[in-house]
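# Per-entry structural report
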Amino acid sequence: MDIWELIILRPVVNFLIWLSHTLFGSFGLAVIVLTIIINLILLPFTLKQMKTSKLTAEMQPKLAALQKKYGNNQQALAQEQMKLYKEAGISPTGCLLPMLIQMPIWVALYQAIMRVMAVSPESLLNLSSLVYNWDVIFKALPLKTMFLGLNMVNSNFILALLVGATMYLQTKMTSNQSSGNAQLQQQTQMMSIMMPLMFIFMSMTLPAGLSLYWIINAIIRMVMQYFYSGWGGLQPYVDKIKSLLHISNKKNNSVTKASSDNKTVSKK
Amino acid sequence: MKKNKVLHLAATSLLLGSMAVAVAGCSCNTNVAQYGWAPPVFDDSYLYVASSEGSILTLNKVNGTLTYDPLKVKGNSGASGLLGCGYGAGTVIFYGSPYINDGLLYASGYDGNVYTFDVAKQLSNKKQLDEDKSMSVISGIVGDGKNIYVGCSDGSIYALDNTTLETVWSYETGDKIWSTPVLNNGTVYVTSFDHSLYALSAEDGSLKWSFATDGPVIASPVLEEDTIYVASFDRSVYAVNAGNGEMKWKLSTELASPRNWFWATPVICGNYLVAPNNDGCIYSIDKTTGKMENVIDLEKAISSSPVVINNKVYVIDNTGNLYSIDPSNGFNFTRIKELETTVNSDLVADGDLIYVHSQKDETIYCVNALNGVLQWSHEV
């Protein structure tokens, strides 16, 4: 057994099995709860990452101005950029460390879900090498993979579409932070379309348990993003919905008022 | 500007494409590629092998040469999707032990079909067990000359007419059936993931009795005279009265406690029930009392069922080390062959010869049990 399996994968696999057993034998519920727990554990890193992203985005106009000013002098440009980063109190590699810490945990969670679902006979056999010698683990296996009428082992078209939708909203929400740099904005816009498409494609071929994990993860990220920096790139859509609701409310009020006026007239 | 846009699109597609490949690759590693592990079967002259590429091979038992062209099986669909790691669409993977009767070979496919083959005439027929076509068949097949009996992942055991493959009866258990049924004297014994062992009438599928263990059961039951033995995922072994389903004993763990699943089917050798475990140990149990008499730690998981030749037990671990164990000589054990390959398939004995179907490198090995000499091997 390699070090990855021993230190990271095995604990996550066994915790997921124990969680399924504790949550009424529901694997789907266990995936949701484990995704929430891991997001909570990684919250400090995520917040740091969000802060750095936000500050970097805010600096984009200044960086663009510097690029214009020192376009040909790369050395001076780099020096000025470093100065700017220092003044803002951020390290250019500030996003990297939290990402490096989070990455193995996300990969472990992803692998654990795949392993615990034990789609094929080989996977189930393989799972036996990962489980702890605990009564509760042996009683729980193999897990019941039905959740809300869906078999978490098979791919599911509706869940695949939901993955795409939540991914799109999540990337859209963070997209306005790169305003000020047209090239970056263009790239972000492209990502916000390509990324969900890629995940829809993958969800249609991989087990639904993974789709569930991606959906919950995207929702949690959106909630965190909302509390940190508001609706972000979704703000125009939110405003539009609000104004539509406002108009319909106004219409309803005026209709109610008109009908009550009519009643008053007829009474007279 | 337009050129820039195209470049961006290309770069983003490349980045996302490589991410998709990485995730898919990750899923391959974590979800484990499928090879199947059907053990070979034999008649007087030939050895029949269901390959992981969906072919039935007929090998000469003496020298392992191919006798007929491999019969390619056309299944419903591939066992894995576009990003899966198995074989292409239409490839059938076989796990269960096939059955031969009257010149016909019966095999159960992972695509949910039961197939019949007339290898010499290059003919095949098939029958879908699960009507929803979503359930696989992992179980092996047994027969009584009139019907064949096979378990399905839809939780039912099916009795099919030998010639027409029409369903004669089916009995639904509470969960998947992966084990090969055992047939004796008009009774079909089968184990299920629902923790239970069932005794059913071979005639009409009516339930005679059932016996519940504390865990799912994948190993086939083992019958000797009036006792049926069952090894469970609950890390225990049970002896049950074959007539009425009453428990005779449960494994006593004073000597040692098994640390993992009993996946492989145990064998009886003399006065002992020899049960390999996924924890890498071979547990030898007194078949009349249930007392554990001996433990041999081979240190590698064992998912293949052993065979008994000349009062010795032959067992192979999942890295291809073949051992002989002599219960009559203080459980003395010797490694007789190192095949250096992955083996999950049950061993098959024919006289003094042992046939091993390895996975991944997909080879059939014929080893002489008396001296460990490799007689021949054939790469499938």
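What counts as what
Along each chain, the written sequence defines residue order, and numbers are assigned to residues from 1. Following the order in which they are written, the chains are lettered starting with A and the ligands numbered starting with 1. Residues qualify for local features only when their pLDDT is at least 70, as the model is predicted, and side-chain atom pairs are given and counted only at 80 or more; totals for whole chains, interfaces and linings, by contrast, use all residues. Heavy atoms from the whole structure form the basis of all side-chain values; hydrogens and water molecules are not counted. Helix and strand assignments come from DSSP, with helices taken as H or I runs of at least 4 residues and strands as E runs of at least 2, each series counted from the N terminus. To sort residues, take the accessible area from a 1.4 Å probe on protein chains only and compare it with the maximum for the residue type: under 20% means buried, over 50% means exposed, and anything in between is partly exposed. Any two residues having at least one pair of non-hydrogen atoms within 4.5 Å are treated as being in contact. For accessible areas, the Shrake-Rupley method is used with a probe of radius 1.4 Å. Any residue's cover is judged against the shown protein chains and nothing else. A pair of strands is labelled paired if DSSP reports no fewer than 2 bridges between them. Between N-to-C directions, angles cover 0 to 180 degrees, with each direction set by a line fitted to C-alpha atoms, over the stretch in contact for helices. Any Lys or Arg side-chain nitrogen found within 4 Å of a carboxyl oxygen on Asp or Glu counts as a salt bridge. What a helix should span is 1.5 Å times the count of its residues minus one. Note on terminology: angles under 35 degrees are roughly parallel, angles over 145 are roughly antiparallel, angles of 65 to 115 are roughly perpendicular, and the others are oblique. The handedness criterion is simple: a crossing whose near helix is rotated anticlockwise from the far helix by less than a right angle is left-handed, and one whose near helix is rotated clockwise is right-handed. Residue polarity is assigned by list, with Asp, Glu, Lys and Arg as charged and Ala, Val, Leu, Ile, Met, Phe, Trp, Tyr, Cys and Pro as nonpolar; anything else, Gly included, falls into the polar class. Geometry of aromatic contacts follows a simple scheme: Phe, Tyr and Trp rings, the Trp one being its six-membered ring, pair when their centres are within 6.5 Å, and the pair is stacked under 30 degrees between planes, edge-to-face over 60, tilted otherwise. Contacts described as polar in this section are N or O atom pairs within 3.5 Å, which, within protein, must combine one atom able to donate a hydrogen with one able to accept it, while residues neighboring in sequence count only if both atoms come from side chains. Nonpolar side chains (Val, Leu, Ile, Met, Phe, Trp, Tyr) within 5 Å and like charges within 9 Å form the patches, drawn only from residues with over 30% relative accessible area and no salt bridge.

Along its length, chain A carries eleven helices and two strands. When the elements of chain A are put in sequence order from the N terminus, they spell out α-α-α-α-α-α-α-β-β-α-α-α-α. Evaluated residue by residue, chain A yields a buried proportion of 44% over its 268 residues. Excluding contacts between residues fewer than 6 apart, the proportion of contacts in chain A whose partners are at least 24 apart in sequence is 78%. Within the structure as shown, chain A displays about 14600 Å² of accessible surface, and the carbon and sulfur contribution to it stands at 65%.

Turning our attention to the overall build of chain B. A count of helices and strands for chain B gives one helix and 32 strands. Put simply, chain B has 380 residues, and 58% of those count as buried. Roughly 15100 Å² of accessible area belongs to chain B as shown, and the carbon and sulfur atoms make up 46% of that amount.

Here we come to the sheet that holds strand β22 (residues 272-276) of chain B. One key point about sheets: their strands pair by backbone hydrogen bonds, in either a parallel or an antiparallel sense. All names here are of chain B. The strand order across the open sheet built from four strands is β21-β22-β23-β24, with neighbouring strands paired in antiparallel fashion. Of all strands in the sheet, those bounded by a partner on one side alone are β21 (267-269) and β24 (292-297). Direction aside, neighbouring strands of the sheet carry axes that sit 25° apart on average. Two elements, β21 and β22, share three bridges in a ladder whose sense is antiparallel. Residue Val-267 lies in a different strand from β22, and its bridge partner there is Val-274.

Quick look at the sheet that holds strand β20 (residues 247-250) of chain B now. Residue and element names in this part refer to chain B. With antiparallel pairing, the four strands of this open sheet are ordered in space as β17-β18-β19-β20. Each having just a single partner strand, β17 (222-224) and β20 make up the two edges of the open sheet. Strand-to-strand, the axes of this sheet are offset by a mean angle of 20°, without reference to chain direction.

Attention now moves to the pattern of salt bridges. Residue and element names in this part refer to chain B. Inspection of the entire model under this criterion finds nine salt bridges over all chains. Asp-214 serves as the salt-bridge partner of Lys-250, at 3.8 Å between the closest nitrogen and oxygen. In this pair, Lys-250 sits in strand β20 while Asp-214 sits in the loop between β16 (207-212) and β17, placing the two residues 36 residues apart along the sequence. Classification of Lys-250 as partly exposed rests on a relative accessible area of 38%. Overall, the relative accessible area of 43% leaves Asp-214 in the partly exposed class. The closest approach of N and O atoms between Glu-338 and Arg-335, which form a salt bridge, is 3.8 Å. Taking the relative accessible area as the measure of exposure, Glu-338 reaches 45% and is therefore partly exposed. The exposure class assigned to Arg-335 is partly exposed, which follows from its relative accessible area of 44%.

Our next topic: helix α3 (residues 43-69) of chain A. In this model α3(A) runs 38 Å from its N-terminal to its C-terminal C-alpha over 27 residues, within 8% of the 39 Å that 1.5 Å per residue would give. Restricting attention to buried positions, one finds in α3(A) the residues A:Thr46, A:Gln49, A:Met50, A:Thr52, A:Ala57, A:Met59, A:Gln60, A:Leu63 and A:Leu66.

Another aspect to go through is the pairing of strand β2 (residues 46-50) of chain B. Residues and elements named next belong to chain B. Counting buried positions along β2 gives four out of five residues, so the element sits mostly inside the fold. The sheet contact formed by strand β1 (residues 41-42) and β2 spans two bridges and is antiparallel. From the neighbouring strand, Val-41 faces β2, where its bridge partner is Tyr-48. What sits between β1 and β2 in their antiparallel hairpin is a turn of three residues. Where β2 folds back onto strand β3 (residues 55-60) in an antiparallel hairpin, the turn is made up of four residues, including Gly-54, whose phi is positive at roughly 75°.

What follows concerns the packing of helix α8 (residues 157-175) of chain A against helix α10 (residues 208-229) of chain A. Residues and elements named next belong to chain A. Look at α8 against α10: their axes get within 9 Å of each other, and the N-to-C directions meet at 25°. Of the possible angle classes, the one that applies to α8 and α10 is roughly parallel. The handedness of the crossing between α8 and α10 is left-handed. Here α8 contributes Leu-159, Leu-162, Val-163, Thr-166, Met-167, Leu-169, Gln-170, Met-173 and Thr-174 to the contact with α10, which in turn contributes Ala-208, Ser-211, Trp-214, Ile-215, Ala-218, Ile-219, Arg-221, Met-222, Gln-225 and Tyr-226. Each residue belonging to the contact of α8 with α10 can be placed in one class, and the counts come to 13 nonpolar, five polar and one charged.

What follows concerns the packing of aromatic side chains. All names here are of chain B. Counting across every chain of the model gives 28 aromatic pairs over all chains. Seen in terms of ring centroids, Tyr-323 and Phe-333 are 6.2 Å apart; in terms of plane orientation they differ by 55°. Their pairing is tilted. In this pair, Tyr-323 sits in strand β27 (residues 321-326) while Phe-333 sits in strand β28 (residues 332-338), placing the two residues ten residues apart along the sequence. Clustering of aromatic rings is evident, with ring pairs tying together Trp-37, Tyr-95, Tyr-110, Phe-233, Trp-261 and Trp-263.

Moving on, we get to the side chain of B:Ser153. Looking at where B:Ser153 falls in the secondary structure, it is placed in the loop between β10 (147-151) and β11 (156-161). Polar contacts involving the side chain of B:Ser153 include one to the main-chain carbonyl oxygen of B:Ser136, which spans 3.0 Å.

On to α10(A). Residues and elements named next belong to chain A. If you check α10, its first and last C-alpha atoms are 31 Å apart, about what 22 residues at 1.5 Å a residue would give, namely 32 Å. Among the 22 residues in α10, 16 count as buried, and that is most of the element. The first or second residue beyond α10 is Gly-230, which carries a positive phi of 80°.

Moving on to a nonpolar patch on the surface. Together, A:Tyr168, A:Leu169, A:Ile193, A:Leu197 and A:Tyr237 make up an exposed nonpolar region whose accessible area comes to about 450 Å². What makes A:Tyr168 partly exposed here is its relative accessible area of 31%.

Okay, the pairing of β20(B) next. All names here are of chain B. Inspection of the sheet shows strand β19 (residues 237-241) paired to β20 by three bridges, in the antiparallel sense. Residue pairing for β20: Tyr-238 is matched across the bridge by Lys-250. Turn length for the β19-β20 hairpin, with the two strands adjacent in sequence and antiparallel, is five residues, and the turn residue Gly-245 shows positive phi of about 80°.

Residues and elements named next belong to chain B. Following the sequence through the fold, Ser-196 ends up in strand β15 (residues 196-201). Its relative accessible area of 9% is what places Ser-196 among the buried residues. The contact partners of Ser-196, leaving out residues within four places of it in the chain, are Val-190, Thr-191, Phe-211 and Ala-212.

A few words now on the environment of A:Ile158. Residues and elements named next belong to chain A. Looking at where Ile-158 falls in the secondary structure, it is placed in helix α8. By relative accessible area, Ile-158 is classed as exposed at 59%. Expressed as a C-alpha distance, the spacing of Ile-158 and Ser-203, which sit 45 residues apart in the sequence, is 9.7 Å.

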